[in-house]
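# Descriptive analysis of the structure
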Amino acid sequence: MELEDKAFLEHREQVIQRDRLAPPRVLPVHKSLPSIGSHKPLLYSMEELADMTDNFNEKNLIGETLFSKLYRGTIRHGWLPFEDWVVTVKIWDYTRRTSCYLNANESTNEEVMFLTQPSAKQHPNVVNLLGYSNRRFLEAVVYDLNPLGTVRNLATTGSLTWLQRIKVALGFARALEFLHDPKKPYLVRNINAAHIILDQDCNPKIFDFSTMSGGILGKLTRLKEKLLTVGYDDPEYFPLGGPEEGGFEVTYHDVFSYGVVLLGLITKRIVDMENIQTTTLVYRWAWRQYRPNRYLVHESLVEDPGFYASDGIMITELAMRCIQIELDKRPSMKDVVKRLEGLQAVQLHGNVVGM
């Protein structure tokens, strides 16, 4: 462990111990109810976050993003007549090299501002915010979400059936369609399989907004513009500014990233961020392997109930359209949702895939 990493962890532990010695706070009753409803998000102390995650125990670690670590947490009700409440805790990880490129406090405040918007709070594929900590060097957010895991950790395993993968693809497409609303579009720019989390019913939730711009967040900053997610961003990337500058067209960068995620779901391939220099990128592999009227679906999924060859071909072609080099040949997310809703599996198993 390097010196700066050790110093950060020691600092965090000191704050936790200091919080434990502080006089106990009287918490509002709604904090212990299974929904914050119209209440404002709560401000958590580092002690409370540590208690939720068993002091950030590795056994509760769900995954990692470009800037943070994701933990399964539990809010224990004690004397209240409710069961323990499982949540997801995301804490900014200062030991990651990428974390130095953004201001953690600003990013946390921006996320809280976005997630407290009525339209975001009502969307089923956007995480529901319970509370946060914006204490310097101890930034974190808490989501009302009992997590199954991230798409990155589940896509390559046998954990997800074909129909569940369709459900994930459709739900996440709807989240991006919502964000790409032409009236006030957001550009996410940080889409990858590690930044999509599933609840226990395999409903996908977008939860990382660190490089998002547009809408109420304003213009794309220079720092956000320079941060690319290798393997998911356009290989022919060139700056187009934020949604408020370039119009709806700039959201097609997100469409490319979505196409890579979609390919990962149907082929059981992911971008290996730890061995990025020696791994064939998913979209490059697809460019080489794709043939018209054939599908790239993993052979183990072809035998699943609800798989139809016509769907395999259609969804493969859709993914390939998303990763076209030419921007104007890519579909909008509205088109993607429409195509996915037309799949035979969706028409016949709508109750399973979320129709």
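Residues numbered from 1 in each chain as written. Predicted model: local features only at pLDDT ≥ 70, side-chain atom pairs only at ≥ 80, totals over all residues. Heavy atoms only, no water.

- The protein is annotated in an unreviewed UniProt entry as Protein kinase domain-containing protein of Lithocarpus litseifolius.

### Digging into the side chain of Glu48
- Tracing the backbone through its elements, the reader meets Glu48 in helix H2 (residues 46-52).
- At 2.8 Å, the side chain of Glu48 forms a polar contact with the backbone nitrogen of Ser45. (Helix = DSSP H or I, 4+ residues; strand = E, 2+ residues; numbered from the N terminus. Polar contact = N/O pair within 3.5 Å; in protein donor to acceptor, adjacent residues only side chain to side chain.)

### Quick look at the side chain of His123
- Tracing the chain through its elements places His123 in the loop between helix H4 (118-122) and strand E5 (129-133).
- Engagement of the side chain of His123 in a polar contact is seen with the backbone nitrogen of Asn125, the distance being 3.0 Å.
- If we skip the residues at most four places from it in the chain, His123 touches Arg174, Ala175 and Phe178. (Contact = heavy atoms within 4.5 Å.)

### Describing the nonpolar core
- Within the largest apolar cluster, 76 residues are counted, with the highest numbers of intra-cluster contacts made by Phe114, Trp162, Tyr258 and Leu340.
- Here this core takes eleven residues from helix H6 (residues 162-179), the largest share from any one element.
- Beyond its immediate sequence surroundings of up to four residues, Phe114 is in contact with Ala120, Val126, Phe178, Leu179, Tyr186, Phe209, Met212 and Ile216. (Core = buried A, V, L, I, M, F, W, Y, C linked by side-chain atoms within 4.5 Å. Buried < 20%, exposed > 50% of the residue type's maximum accessible area, 1.4 Å probe, protein only.)

### Digging into the sheet that holds strand E9 (residues 196-199)
- Strand order in the open sheet formed by three strands is E7-E9-E10, with antiparallel pairing between adjacent strands. One side of each edge strand has no neighbouring strand; the edge strands of this open sheet are strand E7 (147-150) and strand E10 (204-206). Each strand axis lies, on average, 35 degrees off the axis of its neighbour in the sheet, ignoring direction.
- The pairing of E7 with E9 spans three bridges and is antiparallel. (Pairing = 2+ DSSP bridges. Axes fitted to C-alpha atoms, helices over the stretch in contact; angles between N-to-C directions.)

### Comments concerning the sheet that holds strand E1 (residues 42-43)
- Ordered in space as E1-E5-E6-E4-E3-E2, the six strands form an open sheet in which the pairing is mixed. Edge positions in the sheet fall to E1 and strand E2 (61-64), since each has one partner strand and no second.
- With eight bridges joining them, strand E3 (residues 68-75) and strand E4 (residues 85-92) adopt antiparallel strand pairing. Among the inter-strand pairings, Gly73 is bridged to a residue of E4, identified as Val87.

### Here we look at the packing of helix H9 (residues 252-267) against helix H10 (residues 282-289)
- Packing of H9 against H10 brings their axes to within 9 Å, and their N-to-C directions diverge by 70 degrees. The angle between H9 and H10 falls in the class roughly perpendicular. Where H9 approaches H10, its residues Phe256, Val260, Leu263 and Thr267 are matched on the opposing element by Val282, Tyr283, Trp285, Ala286 and Trp287.
- A per-class count over the contact of H9 with H10 returns eight nonpolar, one polar and no charged. (Parallel < 35°, antiparallel > 145°, perpendicular 65-115°, else oblique. Nonpolar A, V, L, I, M, F, W, Y, C, P; charged D, E, K, R; others polar.)

### Some points on the pairing of strand E6 (residues 140-143)
- Residues Ala140 and Val142 line one face of E6 and the alternating positions Val141 and Tyr143 line the opposite face, and both faces are buried.
- As paired strands, E4 and E6 are joined by four bridges and run antiparallel to one another. Counted as the bridge partner of Thr88 is Tyr143 from E6.
- Sheet topology places E5 next to E6; four bridges connect them, and they run antiparallel. Among the inter-strand pairings, Ser133 is bridged to a residue of E6, identified as Ala140.
- Counting the residues that bridge the hairpin from E5 to E6 gives six residues, and of these Phe137 lies at a positive phi of roughly 70 degrees.

### Some remarks on unusual backbone geometry
- Even without being a glycine, Asn55 presents a positive backbone phi close to 60 degrees.
- Mapped onto the elements, Asn55 comes out in the loop between H2 and E2.
- Look at Arg189: it is not a glycine, yet its phi comes out positive at around 65 degrees.
- Relative to the elements of secondary structure, Arg189 occurs in the loop between strand E8 (186-187) and E9.

### Notes on the pairing of E9
- The two faces of E9 match: Ile196 and Leu198 on one face and Ile197 and Asp199 on the other face are all buried.
- As defined by bridge partners, E9 adjoins E10 across three bridges and the pair is classed as antiparallel. The residue of E10 that forms the bridge with Ile196 is Ile206.

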